[in-house]
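One letter stands for each residue in the lines below.
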Amino acid sequence: MPVFAPAGWNQRTCQALGTYATVATTDPAALARAYALLTAELMAVDAACSRFRRGGELWRVNHARGRPVRVGPLLAQALAVALAAARLTDGDVDPTCGTSLARLGYDRDFARARRRTSALRQPAIPAPGWHSVDFDPELGQVRVAAGVVLDLGATAKALAADRAALTIEAELGCGVLVNLGGDIRVAGSPPAAGWRVGIADDTGFDAGPGPETGHTVLICTGGLATSGTAVRSWRRGSARLHHIIVPATGLPAQSCWRAASVAAATCVDANTASTAAILRGERAAAWLAGLGLPARLVRHSGEAVTIAGWPAEASTGNGADGH
């Protein structure tokens, strides 16, 4: 998802968490420090929440063979967020899909996993369900049964966007936008016309920072997230797969939507709703409308359905851009 700032406003982009990370500030003099704060946050989130980082906190939880594990405050927060997302979506957004993803070939960092194209040798496996996670937030202790693999990809990146934006605004006192591969959070006073955000509905994993060619909106507060079936998709044999899993089957969602964008008070809330919208298919429009969440759902044909006051398209004009 490209982000556009008015001409003369600065932003920096790097690769992190398997995607592109961009920070933009309303004060050009604050950009270097904002970038340093962002990269520090991303390193901390990766160390705590990646299921692929051998020896990392989540890796230790997943390999504890049913024993309880004490975790630090960051992973404890990420677990609380993931379980809250599961509860609020009636289990649609489920953090216990790690084994399901691994069975589909997503068993290592995505850039490496997608290079393997041989046919799958094992059948899909349903997720055990978020109720199976034994988490005590007061003790900072979590236990999952042997064989259960937690994957926090559905919420940890959005949490990182929220945390980074709030930290940068608090420390530097300027307006800030953080974009982690389509998970966006803004904080502080925005530019006069708002932050101009471009949404690419069918952008694949290989798309990097570049000009926006799709839908563009202005945002001033809160979070915005886009979930879709194109960004993390891969082939194994003749099967085309993607990362949004139906917990009950362990298979990728066969959704009527190719992308769902949602605006909410936080990026976590927006991401939770956008992911659930893909999984809920035709039911998503009424569900989002009932929650009063502005959203834009795009069918595979390119037809877009807007909900609950989704902002009108903004003119693109000239400006810096990033993914």
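Heads up: these notes are all about the structure in this document. Note that the structure is predicted; figures quoted are calculated from it, not measured. (Residues numbered from 1 in each chain as written. Predicted model: local features only at pLDDT ≥ 70, side-chain atom pairs only at ≥ 80, totals over all residues. Heavy atoms only, no water.)

## Let's talk about helix α7 (residues 267–280)
Here α7 is 14 residues long and its end C-alpha atoms lie 20 Å apart, about the 20 Å a rise of 1.5 Å per residue gives. Taking burial as the measure, the 14 residues of α7 include 13 buried ones, the bulk of the element. At the exit of α7 stands G281, carrying a positive phi of roughly 60°. (Helix = DSSP H or I, 4+ residues; strand = E, 2+ residues; numbered from the N terminus. Expected span 1.5 Å × (residues − 1). Buried < 20%, exposed > 50% of the residue type's maximum accessible area, 1.4 Å probe, protein only.)

## Looking at the packing of aromatic side chains
According to the stated counting rule, one finds zero aromatic pairs in the structure shown. The ring of Y35 has R12 sitting right over it, with the charged end atom 3.7 Å from the ring centre. Cation over ring: R280 sits above W287, and NZ or CZ is 4.3 Å from the ring centre. (Phe/Tyr/Trp six-rings, centres within 6.5 Å; stacked < 30°, edge-to-face > 60°. Lys NZ or Arg CZ within 6 Å of the ring centre and 35° of its normal.)

## What to know about the sheet that holds strand β16 (residues 257–264)
Adjacent strands of a sheet pair through backbone hydrogen bonds, lying either parallel or antiparallel. Ordered in space as β2-β3-β7-β8-β11-β16-β17-β18, the eight strands form an open sheet in which the pairing is antiparallel. Bordering the open sheet on either side are β2 (10–16) and β18 (304–307), each of which pairs with just one other strand. Neighbouring strand axes in the sheet, compared pairwise and without regard to direction, differ in orientation by 10° on average. Where strand β11 (residues 223–228) lies against β16, six bridges are found, and the strand directions are antiparallel. In the strand pairing of β16, G223 is matched with A264. Where helix α1 (residues 31–49) meets the sheet, its contacts fall on β2, β3 (19–25) and β7 (176–180), and the angle it forms with β3 comes to roughly 145°. (Pairing = 2+ DSSP bridges. Axes fitted to C-alpha atoms, helices over the stretch in contact; angles between N-to-C directions. Contact = heavy atoms within 4.5 Å.)

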